[in-house]
Amino acid sequence: MLRVNGTTDRLRAGMANGVLSFPLTSFHADGSLDPDGFRAHVADRIATAPGAVFPACGTGEFFSLDEDEYRQVVSIAVQEAAGRVPVVAGVGYGWAQAVRFARIAEEAGADALLVLPHYLVAAPQDGLVAQLEHIAARTRLPLIAYQRGQVAFGTDAFRRITEIPGVIGLKDGHSDLDRLQRLTLAAPEGFLFFNGAATAEIQARAYATVGVPAYSSAVHAFAPEIANAFFTALRGGDDGTAGKLLRDFYVPLVELRDRVPGYAVSLVKAAARLRGHPVGPVRAPLTDPSAADLADLKTLLASGLDLVGATL
């Protein structure tokens, strides 16, 4: 039961032509929201032709935003996109709170919603379905479900969520390709899938073999030159370039990311700051990288940019 107003078609077209961009939320040094910094950052991301932008999601520190900050972030993303690319805003926690954020995103002009994993508790399959049913019944915007952490759909539950009016896609962060293949085979025609694993480029070739070539890119938040070069190589069958970028940049980046919990966001923000983007620090409970890790990141970023003919 896919809908609404061409959003599915716009997302499908965008996913075929570019990476999915998850902009960083900008904060001042004191931790307060920096709307001007965010506006500059998201405008720069959109200028590099992503397939869609996803403000206030995991990379955008959704979990740390209050409702007023969320409204500002989504509104700015919509204004800067100006209809050029779809804007998919994150919502989450329990369904009642997710609906509050969904209404704000509607008012701000978002095109769709990414339903982040619910807060804290483990839940049975019936509950995972009910969570989406409650949200879908209370918003006009189409939904993309995100399975990661405590959310993992079995085939039967997945079939049920595809029948919920307004649920148009699934973002996968588990990297269980056996499970994912079963879901893609069970999906109705036109249902959207994309790879949402951390540093998704590492597994992009594997995901493509089960019919999920589209992916989100945290690297696009600080080095669109690298992200776009990898995307072009992957889609063009240039295994040499894709392999070199994986070996010499993406794998070392993942090894650095895995040193400290939360670096999947903290390192991305630090790398953006190294390139002069006014994104500011992360909010607690995340922490910014240590001086030693920041030095390693700067060296890696410079070498990665050199691989694609760009500079720090």
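Up top you'll find the structure we're talking about.
A. Seen up close, the pattern of salt bridges. Overall, the coordinates contain 18 salt bridges when judged by the stated rule. For Arg257, the salt bridge goes to Asp258, with nearest N and O atoms at 3.0 Å. In this structure Asp258 comes out as exposed when scored by relative accessible area, which is 52%. The network of salt bridges with common partners includes Arg259, Asp293 and Asp296.

B. Broad picture of the packing of helix 10 (residues 239-257) against helix 12 (residues 291-307). Look at helix 10 against helix 12: their axes get within 10 Å of each other, and the N-to-C directions meet at 165°. Between helix 10 and helix 12, the angle falls in the class roughly antiparallel. Of the two possible hands of crossing, helix 10 and helix 12 adopt the one that is left-handed. Contacts from Lys244, Leu245, Asp248, Phe249, Pro252, Leu253 and Leu256 in helix 10 reach Asp293, Asp296, Leu297, Leu300, Leu301, Gly304 and Leu307 in helix 12. Across the contact of helix 10 with helix 12, the residue classes tally to nine nonpolar, one polar and four charged.

C. Broad picture of the packing of aromatic side chains. The final tally for this structure, using the stated rule, is 14 aromatic pairs. Arranged with centres 5.5 Å apart and planes meeting at 65°, the rings of Phe191 and Phe193 form a pair that is edge-to-face. For Phe191, a relative accessible area of 8% puts it in the buried group. An angle of 80° between the planes, with centres 5.1 Å apart, marks the rings of Phe249 and Tyr250 as edge-to-face. For the pair formed by Phe249 and Tyr250, the shared burial category is buried. Taken together, Tyr215, Phe230, Phe231, Phe249 and Tyr250 form an aromatic cluster joined through their ring pairs. The ring of Tyr146 is capped by Lys171, whose NZ or CZ atom sits 4.2 Å from the centre of that ring.

Rules behind the numbers
All residue numbers refer to position in the chain's written sequence, counted from 1. Per-residue local features are limited, in this predicted model, to residues with pLDDT of at least 70; the limit for side-chain atom pairs, both in listing and counting, is 80 or more; totals at the level of whole chains, interfaces and linings are taken over all residues. Side-chain measures here rest on the full set of heavy atoms in the structure, leaving out hydrogens and waters. By definition, a salt bridge exists where a carboxyl oxygen of Asp or Glu is found within 4 Å of a side-chain nitrogen of Lys or Arg. Relative accessibility decides the category of a residue: with a 1.4 Å probe and only protein chains considered, values under 20% of the type maximum give buried, values over 50% give exposed, and everything between is partly exposed. As a rule, the C-alpha atoms of each element are fitted with a line to give its axis, helices using only the stretch in contact, and angles between N-to-C directions run from 0 to 180 degrees. Only DSSP runs of H or I with at least four residues qualify as helices, and only runs of E with at least two residues qualify as strands; both kinds are numbered from the N terminus onward. Should an angle fall under 35 degrees it is called roughly parallel, over 145 degrees roughly antiparallel, and 65 to 115 degrees roughly perpendicular, with every other angle called oblique. Here a crossing is taken to be left-handed if its near helix is turned anticlockwise relative to the far helix by less than a right angle, and right-handed if that turn runs clockwise. Residues count as neighbours in contact if any of their non-hydrogen atoms are within 4.5 Å of one another. In this classification, the charged set is Asp, Glu, Lys and Arg, the nonpolar set is Ala, Val, Leu, Ile, Met, Phe, Trp, Tyr, Cys and Pro, and all remaining amino acids, among them Gly, are polar. Centre distance within 6.5 Å is the pairing criterion for rings of Phe, Tyr and Trp, where only the six-membered ring of Trp is used; planes under 30 degrees apart are then read as stacked, over 60 as edge-to-face, and the remainder as tilted. The criterion is that NZ of a Lys, or CZ of an Arg, lies within 6 Å of the ring centre and within 35 degrees of the ring normal, and then a charge sits over that ring.

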